[in-house]
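Here are the chains, one letter per residue:
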Amino acid sequence: MSAVISVKDVWKEYDDKVVLEQISLEIAPRAFVALVGPSGCGKTTFLRMLLSEEAPTRGAITIGGAPLPAEPGADRGVVFQRYSVFPHLTVLGNVVLGLEFKDAPILGRLFGAKRRAAEDEARELLAAVGLGEAENKYPAQLSGGMQQRLALAQALIAKPKVLLLDEPFGALDPGIRAEIHTLMRKLWHERPLTVVMVTHDLSEAFSLGTRVIAFERRRNEPSDGGRYGATITRDFEVWPKRIAGEPRPQKKKLMPGRDDPAPSGSLRDDPAIEGAAL
Amino acid sequence: MRLINRRPSLGAARFLAIVPFALVLVAYLIGSGVRLAENPSDKLLPAFSSFAAAIDRMALTPDQRTGDILLWVDTAASLTRLGAALAISVAIGLVFGIVIGLLPYFRAGLGAFVAVISMVPPLALLPILFITLGLGETSKIALIVIGVAPCLIRDMALRVGDMPVQQLIKAQTLGASTWQIIIRVVLPQSLPRLIDSLRLQIGPAWLFLIAAEAIASESGLGYRIFLVRRYLAMDVILPYVAWITILAFLMDRILLIIQTRAFPWFAGARAST
């Protein structure tokens, strides 16, 4: 199986401070990789390199076999913890925007039949993330969870091969977070996505990922003066194996009393997902 | 209860808002009354009846010589200059502000230059403008533009630079080009902020307008004030000053209304950052 993203001996240094050292990693197609680690361990820096927001000091990153482009592009979508959506556009406008960028290079706007087609496509995606009712609202009128749903829809309309998530659910309340985990799992199963997610929440990493990778500094003494960077210290395959497109058989049969807020199937009462089924 | 926690009711707040205006008015009336009692032909603090006569003469009755109503002629001349100058300044401020705030090459090339230019005192340039551009409308409009545009450029550039970097990255991951990012992300988010800084520049714009009109003009509100100054015509000057203040205040309010109507998302976005 050839890797979608391949990272070979990457180092990242700022001035003489080493942030990351000797990172080598192969990410399989359709994997859902969760990057965990203490704060300041460089996991977000690593994600920024995958995004081409920063370049590695040494080493090489390839994506689909080709060197990573020097700037962000439509092949890699992203959802940040904050500021992911555009405050001046409505929910619908935020999602249509990706199609307008693609099809209207000069005006950046679509009109007439093309616009209606783009809006229909965007509405479908909004329904899939449970925002069908909110298309005319502005992001500031949405709750944090709804904003992140919107950010997901907005990223997915560009049909990226790789979706990068930078602590996307870190600022959400636990209940909302469980709902959006269900959505995230559904989107990953349904769409041809490889996901790399940075999180500081271990349970989130294990409940969503197919693979959990821990970044850590092997030496972290103040007297080192930044001469040692973080590297990959653990690399778990999550068991039982999650396979994209094959939602896991329900544990509910084994544990009937359980009130897991994130089941899939006909019994769920998640309003957002119900909207999606319509 | 601490003073910081005590709030006036709505009625009390309105009353408190009126108090300073009323105090100034009363102070004027007393001062005027005292002086006029001493010398009925005193010109420095005219009575309100003289104001009424002057307003009637300037704003309601056509001028005997020209047949025009002077206040309206002056107002039209001044607002035309001000409008043209502010339109030019806004265009310059938007284009250069966005380009300097967003594009590193332009920031490197123009940032320091604009920072220095904005420190040149515009009124010191007025003689140069009169010499090179003549005494017509061009030099007056140019003075206002020189005074206002650099501030707008700098403010715009700062605000564009303050945009969360995540938004620019996000737009790129949606496949946007630099041009598309400018017209669909940066420009629409800059416009309401431009209105903010334009509101702050209305005061300076009037200052430059009146300065230019005072020195070389044949019409305009500033011209009229400096013309009748020769006759100590306080009965005309004070109503003109009040009129200019009202105009400036209305411009400020209108810009605020445009901002809330045309950019309904802005209040919420500002509150959440």
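Predicted model only: the values in this text are computed from it and were never measured.

Calculation criteria
- Residues numbered from 1 in each chain as written.
- Chains lettered and ligands numbered in written order.
- Predicted model: local features only at pLDDT ≥ 70, side-chain atom pairs only at ≥ 80, totals over all residues.
- Heavy atoms only, no water.
- UniProt positions renumbered as here; feature names shortened; annotations may be inferred.
- Helix = DSSP H or I, 4+ residues; strand = E, 2+ residues; numbered from the N terminus.
- 1 Å grid on protein atoms, 1.4 Å probe; cavity = no way out; pocket = protein on both sides within 12 Å on 5 of 7 lines; lining within 4 Å.
- Points joined across faces, edges and corners; volume = space filled by probe spheres on them.
- Nonpolar A, V, L, I, M, F, W, Y, C, P; charged D, E, K, R; others polar.
- Phe/Tyr/Trp six-rings, centres within 6.5 Å; stacked < 30°, edge-to-face > 60°.
- Buried < 20%, exposed > 50% of the residue type's maximum accessible area, 1.4 Å probe, protein only.
- Lys NZ or Arg CZ within 6 Å of the ring centre and 35° of its normal.
- Core = buried A, V, L, I, M, F, W, Y, C linked by side-chain atoms within 4.5 Å.
- Contact = heavy atoms within 4.5 Å.
- Expected span 1.5 Å × (residues − 1).

The next subject is the UniProt feature "transmembrane region" (unreviewed entry) in chain B. Residues and elements named next belong to chain B. Per the UniProt record, the feature "transmembrane region" (unreviewed entry) sits at residues 12–31, 82–103, 110–135, 205–226 and 232–251. Strand forms 0% of residues 12–31 and helix 100%; the C-alpha atoms that close the span are 28 Å apart. Secondary structure across residues 232–251 divides into 90% helix and 0% strand, with the first and last C-alpha atoms of the span separated by 29 Å.

The next subject is the UniProt feature "domain: ABC transporter" (unreviewed entry) in chain A. Those places that UniProt annotates as "domain: ABC transporter" (unreviewed entry) correspond, in this numbering, to residues 5–242 of chain A. As a span, residues 5–242 of chain A carries 32% helix and 26% strand, and end to end its C-alpha atoms are 19 Å apart.

On to empty space enclosed by the protein, then. Residues and elements named next belong to chain B. Inspection of the entire model under this criterion finds two cavities of 30 Å³ or more. There is about 40 Å³ of room inside the largest cavity. As for the largest cavity, its lining consists of M156, R159, V160, M163, Q189, S190 and R193. Of all the secondary-structure elements, those providing two or more residues to the lining of the largest cavity are α6 (137–161) and α8 (178–215). For the lining of the largest cavity, the class distribution of residues is three nonpolar, two polar and two charged.

Let us now look at the packing of aromatic side chains. The description of an aromatic ring pair rests on the distance of the ring centres and on the angle between the ring planes. This structure, assessed with the given rule, holds eight aromatic pairs over all chains. Their ring planes at 85° and their centres at 5.9 Å tell us that B:W72 and B:W243 sit as a pair that is edge-to-face. Of this pair, B:W72 sits in helix α3 (residues 70–102) while B:W243 sits in helix α10 (residues 234–262), placing them 171 residues apart in sequence. Accessibility expressed as a relative area gives 44% for B:W72, which makes it partly exposed. Note on B:W243: relative accessible area 22%, which makes it partly exposed. By way of ring pairs, the aromatic residues B:Y28, B:F48 and B:F51 are connected into one cluster. Above the face of the A:W11 ring, A:R58 is positioned so that its terminal group lies 4.4 Å from the ring centre.

Okay, the nonpolar core next. Counting 66 residues, the largest nonpolar core has B:L82, B:I144, B:V186 and B:W206 as its most contacted members. Among the elements that take part in this core, α8(B) stands out by supplying 14 residues, more than any other. Residue contacts for B:I144: discarding those within four places in its chain leaves B:R81, B:L82, B:A85, B:S89, B:A149, B:A205, B:F208 and B:L209. One finds A:V91, A:A155, A:L165 and A:L183 within the second-largest nonpolar core, a separate group that totals 44 residues.

As a further point, take helix α9 (residues 221–228) of chain B. All names here are of chain B. The element α9 is largely enclosed, with a buried count of six among its eight residues. Looking only at α9, the buried set comprises L221, G222, Y223, R224, I225 and V228. Where the residues of α9 are buried, they touch α2 (48–60), α3, α8 and α10.

Below, the discussion takes up α10(B). When the terminal C-alpha atoms of α10(B) are compared, their 41 Å separation across 29 residues agrees well with the 42 Å that a helix rising 1.5 Å per residue should span. Looking at the buried residues of α10(B), the elements they touch are α2, α3, α8, α9 and α11 (266–271) of chain B.

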